[in-house]
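Observations on chain architecture
Single-letter residue listing:
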Amino acid sequence: MFLISAMANNEESNPLLSDEKKSTKPISSAAGEIPAPVKPSSVPVGWTADGLPMGHGVVGQPMMMCRRAQWDSGLCACFGRTDEFCSSDIEVCVLGSTVPCVLYGSNAERLGSAPGTFANHCLPYTGLYLIGQSLFGSNCVAPCFTYPSRTSIRRKFNLEGSCEALNRSCGCCGSFLEDDVQREQCETACDLATHFFCHPCALCQEGRELRRRLPHPGFNAQQVLVMIPPNEQTMGR
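Procedures and definitions
- Residues numbered from 1 in each chain as written.
- Predicted model: local features only at pLDDT ≥ 70, side-chain atom pairs only at ≥ 80, totals over all residues.
- Heavy atoms only, no water.
- Helix = DSSP H or I, 4+ residues; strand = E, 2+ residues; numbered from the N terminus.
- Core = buried A, V, L, I, M, F, W, Y, C linked by side-chain atoms within 4.5 Å.
- Buried < 20%, exposed > 50% of the residue type's maximum accessible area, 1.4 Å probe, protein only.
- Contact = heavy atoms within 4.5 Å.
- Patch = residues over 30% accessible without salt bridge, like charges linked within 9 Å, V, L, I, M, F, W, Y side chains within 5 Å.
- Areas by Shrake-Rupley, 256 points an atom, 1.4 Å probe, with all protein chains shown as cover.
- Salt bridge = Lys/Arg side-chain N within 4 Å of Asp/Glu carboxyl O.
- Phe/Tyr/Trp six-rings, centres within 6.5 Å; stacked < 30°, edge-to-face > 60°.
- Lys NZ or Arg CZ within 6 Å of the ring centre and 35° of its normal.

1. A look at the environment of Pro-148
Checked against the element boundaries, Pro-148 lands in helix α6 (residues 143-156). Along the primary structure Pro-148 and Asp-191 are separated by 43 residues, whereas in three dimensions their C-alpha atoms are 7.7 Å apart.

Structure, rendered in structure tokens:
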């Protein structure tokens, strides 16, 4: 009995359990014991569409969106930096300016992380490129086919979009960032506009981002052991 009473006194004296005990302790009245209602938490917790936690907000006010990472290189940084990726940046720039179909197919294959998707993206791009050049005299049809790759890269690596970049630099477009659905629609429209007006630069920026973050799917292949037969031997006398 002494041990039970000591444990009860210890629980009552614990400051971490004092509020919980007060909330669950019944209130005695003439009609009987009525349990006291538990006070709900006034701080809601939310999650973003990518499964990331959002900041704690106040009831009646929109929650602050978690900060997203920036792109590794700018849209016009086609010649790369002086680092170990300089040669690949120059290669990406040459591919994007001369054969964009090859660069787009390589980006899609690296983003899908599966070999064999290069032809499924390179060939349709080539057809749309020829249609745009023959009908309109410019490559204005292929960007409507390639802009979802930019959206996929942005969502996969949690990168900021054009609206978030403008809001960070000059403070505009803040109203579009309060709602997740409205923000994503605005960012998708900006991805389409970026591919339509700056198509080669957009492909090069995506190629640099993917080469810095993901290895090529062909590099994951298992090594093949090649056995070299011994040289021809002759019997000596």
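Back to the write-up after that little detour.
2. Details of the nonpolar core
Listed in full, the 10 residues of the largest apolar core are Val-92, Leu-95, Cys-101, Leu-103, Tyr-104, Cys-122, Tyr-125, Ala-142, Leu-203 and Cys-204. At the level of secondary structure, the elements contributing two or more residues to this core comprise α3 (86-98), α4 (100-112), α5 (118-135) and α9 (199-213). In terms of residue count, the dominant contributor to this core is α4 (three residues). Setting aside its immediate chain neighbours within four residues, Leu-95 contacts Pro-100, Val-102, Leu-103 and Arg-211. If you look at the next biggest cluster of nonpolar residues, it comprises seven residues, including Leu-111, Ile-153, Phe-157 and Leu-214.

3. With respect to a nonpolar patch on the surface
A surface patch of nonpolar side chains, about 330 Å² in accessible area, is lined by Ile-131, Leu-135 and Phe-136. Positionally, Phe-136 belongs in the loop between α5 and α6.

4. Quick notes on the packing of aromatic side chains
Inspection of the entire model under this criterion finds three aromatic pairs. Ring centres of Phe-196 and Phe-197 lie 5.2 Å apart, and the angle between their planes is 85°; on these two criteria the pair is classed as edge-to-face. Judged by its relative accessible area of 40%, Phe-196 is partly exposed. What links up through ring pairs into an aromatic cluster is the set Tyr-104, Tyr-125 and Phe-145. Its guanidinium or amino end placed over the ring of Trp-71, Arg-150 lies 4.6 Å from that ring's centre, counting from NZ or CZ.

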